[in-house]
Amino acid sequence: MAEAGSVPTGSSPTDTGDTAPRGDVAIPPQPEPQELAELAAGCAEEVGKRIRTMREEGVRVAATKSSITDVVTAADREAERLLVEALTRARPEDGVLGEEGAGVIGTSGITWVLDPIDGTVNYLYDIPAYAVSVAATVADPDAFADGRRAIAGAVYNPRTGELFHAWHEGGAYLNGTPIRVVDGAERPSLAHALVGTGFGYTAERRKEQASVVAELLPQVRDIRRIGAASYDLCLLAAGRLDAYYERGLQPWDYAAGAHIAHEAGARLLGRDADTPPGEPLLVAAAPGLAEELRATIVI
Ligand code: IPD
Ligand code: CA
């Protein structure tokens, strides 16, 4: 299965993963995905407001990761700590996986996948395109490259006040109003598409990405590199980008945003028909355009 948009979602709220204990151990009752989405939205908004306040007080690089430009601020760490605290208080049986190292093994079958500040470089430079991304995921080996699939998620940009959230078969919302990708008769051809993408942090990865963009740019309306993958996917969901692709995304970059885009009608594709979206490639756009874009990207 290589297209998350067509994954048999079949998961009733009680059929949510592989880490739930079996045998005579009681499986905790599972909440509705809508409740999880509301929890995700509340946490993303609260923590987002906190990191915005922290940014106004000044920003400090605490460490670097994969390269000298891949930074972690004190706010990334504080935001992840606050998210883990809030989620484990609300749902102590769940697991947590966070970009800055959070790793909690749960027993409920649900794992929260967190990007405490997606768009850290924008945060550093005070560019108003960063977000807190929170997704409730369940095991699904075929859906995404990391073997998990979101059933609810939220992305909050504290500089714009935009709160995106979605839940399994419940649709996608921006500040409570339903959103959809540009689709049907409105859907542009690739030549008219505004395409978002992003770049990794290592020089080697960037060389590959630059050659892909060099081929693609003459074939589309234009390219946007906004700087926060979760937010890019939400802009696609809201019809403000026509398509998005990136090579080398991590689960926390896409878990919530890809779910929101999917619930807004986007198709999510991997590198080819046999490869699920995620690493090495995630392509997202309205059905038809997603396939056209994938066929044009050579990685
Ligand atoms: C990055 C952003 C960026 C994308 C990179 C990500 P971070 O996440 O989402 O837009 O191009 O691939 O690593 O480091 O800001 O959390
Ligand atoms: Ca990220």
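The coordinates are above.
Throughout what follows, the structure given in this document is the object of discussion. Small disclaimer: the values here were computed from a predicted structure and weren't measured.

## Description of the coordination of the calcium ion (ligand 2)
Item 1. Distances from the calcium ion (ligand 2) to its protein donors, Asp 115 (OD), Asp 118 (OD) and Asp 253 (OD), fall within 2.0 to 2.3 Å.
Item 2. Each donor residue of the calcium ion (ligand 2) belongs to the same chain, with the gaps between them written as D-x2-D-x134-D.
Item 3. A relative accessible area of 0% places Asp 115 in the buried class.

## Focus: the sheet that holds strand β4 (residues 103-104)
Item 1. What the eight strands build is an open sheet, ordered β4-β3-β5-β6-β7-β8-β9-β10; its pairing is mixed. Looking at the sheet topology across the chains shown, the edges are occupied by β4 and β10 (177-179).
Item 2. Bridge count for strand β8 (residues 162-167) against strand β9 (residues 171-174) is four bridges, and the pairing is antiparallel. Looking at β9, one finds that Ala 166 is bridged to Ala 172.
Item 3. Set on the sheet, helix α2 (residues 74-90) makes contact with β3 (95-98), β5 (111-118) and β6 (131-139); between it and β5 the angle comes to about 150°.
Item 4. Those strands touched by helix α5 (residues 229-237) are β5, β6, β7 (148-157), β8 and β10, and its axis lies near 90° from that of β7.

## So, the sheet that holds strand β14 (residues 267-269)
Adjacent strands of a sheet pair through backbone hydrogen bonds, lying either parallel or antiparallel.
Item 1. Sheet architecture is open: five strands sit in the order β12-β11-β13-β15-β14, paired in mixed fashion. Edge positions in the sheet fall to β12 (222-224) and β14, since each of these pairs with one other strand and no more. Looking at each pair of strands side by side, their axes are set apart by 20° on average, direction ignored.
Item 2. With three bridges joining them, strand β11 (residues 194-197) and strand β13 (residues 243-247) adopt parallel strand pairing. Across the sheet, residue Thr 197 finds its bridge partner in β13, namely Tyr 245.

## Points about empty space enclosed by the protein
Item 1. Inspection of every chain in the model, using the stated rule, returns two cavities of 30 Å³ or more.
Item 2. Taken as a whole, the second largest cavity spans an internal volume of roughly 50 Å³.
Item 3. Lining the second largest cavity, in full, are Thr 197, Gly 198, Phe 199, Gln 209, Val 212, Val 213, Tyr 245, Glu 246, Arg 247 and Ile 299.
Item 4. Elements represented by at least two residues in the lining of the second largest cavity include exactly α4 (203-216) and β13.

## Observations regarding the site of ligand 1
Item 1. In the vicinity of ligand 1 lie 16 residues, with Asp 118, Gly 119, Tyr 201, Ala 229 and Glu 246 positioned nearest.
Item 2. The contact in question runs from an oxygen atom of ligand 1 to an N or O atom on the side chain of Glu 99, over 3.1 Å.
Item 3. Measuring from an oxygen atom of ligand 1, one finds a backbone N or O atom of Ala 229 at 2.8 Å.
Item 4. Compared with its free state, where it exposes 380 Å², ligand 1 has 94% of that area covered by protein.
Item 5. Under a 2 Å grid-point criterion requiring more than half of the atoms, the pocket assigned to ligand 1 is the largest pocket.
Item 6. Counting residues per element, the shell around ligand 1 draws most heavily on β5, which supplies three residues.
Item 7. Of the residues contributing to the shell around ligand 1, the split by class is six nonpolar, four polar and six charged.

## A closer look at the packing of helix α1 (residues 33-57) against α2
The relative placement of two packed helices comes down to the angle between their axes together with the axis-to-axis distance.
Item 1. Taken N-terminus to C-terminus, the directions of α1 and α2 make an angle of 150°; their axes are 10 Å apart at the nearest point. The orientation of α1 with respect to α2, classified from their angle, is roughly antiparallel. You can see that α1 and α2 cross each other, and the crossing is right-handed. On α2, the residues touching Leu 39, Cys 43, Ala 44, Val 47, Arg 50, Ile 51 and Met 54 of α1 are Ala 74, Ala 75, Glu 78, Ala 79, Leu 82, Leu 83, Ala 86, Leu 87 and Ala 90.

## Section: a nonpolar patch on the surface
Item 1. Together, Val 121, Tyr 125, Ile 127 and Tyr 201 line one region of the surface with nonpolar side chains, adding up to about 370 Å² of accessible area.
Item 2. Structurally, Val 121 can be placed in helix α3 (residues 120-125).
Item 3. Taking relative accessible area as the criterion, Val 121 reaches 31% and is therefore assigned partly exposed.

About the cut-offs
Residues numbered from 1 in each chain as written. Chains lettered and ligands numbered in written order. Predicted model: local features only at pLDDT ≥ 70, side-chain atom pairs only at ≥ 80, totals over all residues. Heavy atoms only, no water. Donors = N, O, S within 2.8 Å, 3.2 Å for Na, K, Ca; no water. Buried < 20%, exposed > 50% of the residue type's maximum accessible area, 1.4 Å probe, protein only. Pairing = 2+ DSSP bridges. Helix = DSSP H or I, 4+ residues; strand = E, 2+ residues; numbered from the N terminus. Contact = heavy atoms within 4.5 Å. Axes fitted to C-alpha atoms, helices over the stretch in contact; angles between N-to-C directions. 1 Å grid on protein atoms, 1.4 Å probe; cavity = no way out; pocket = protein on both sides within 12 Å on 5 of 7 lines; lining within 4 Å. Points joined across faces, edges and corners; volume = space filled by probe spheres on them. Near = heavy atom within 4 Å. Polar contact = N/O pair within 3.5 Å; in protein donor to acceptor, adjacent residues only side chain to side chain. Areas by Shrake-Rupley, 256 points an atom, 1.4 Å probe, with all protein chains shown as cover. Sits in = over half its atoms within 2 Å of the grid points. Nonpolar A, V, L, I, M, F, W, Y, C, P; charged D, E, K, R; others polar. Parallel < 35°, antiparallel > 145°, perpendicular 65-115°, else oblique. Left-handed = near helix turned anticlockwise from the far one by under 90°. Patch = residues over 30% accessible without salt bridge, like charges linked within 9 Å, V, L, I, M, F, W, Y side chains within 5 Å. Salt bridge = Lys/Arg side-chain N within 4 Å of Asp/Glu carboxyl O.

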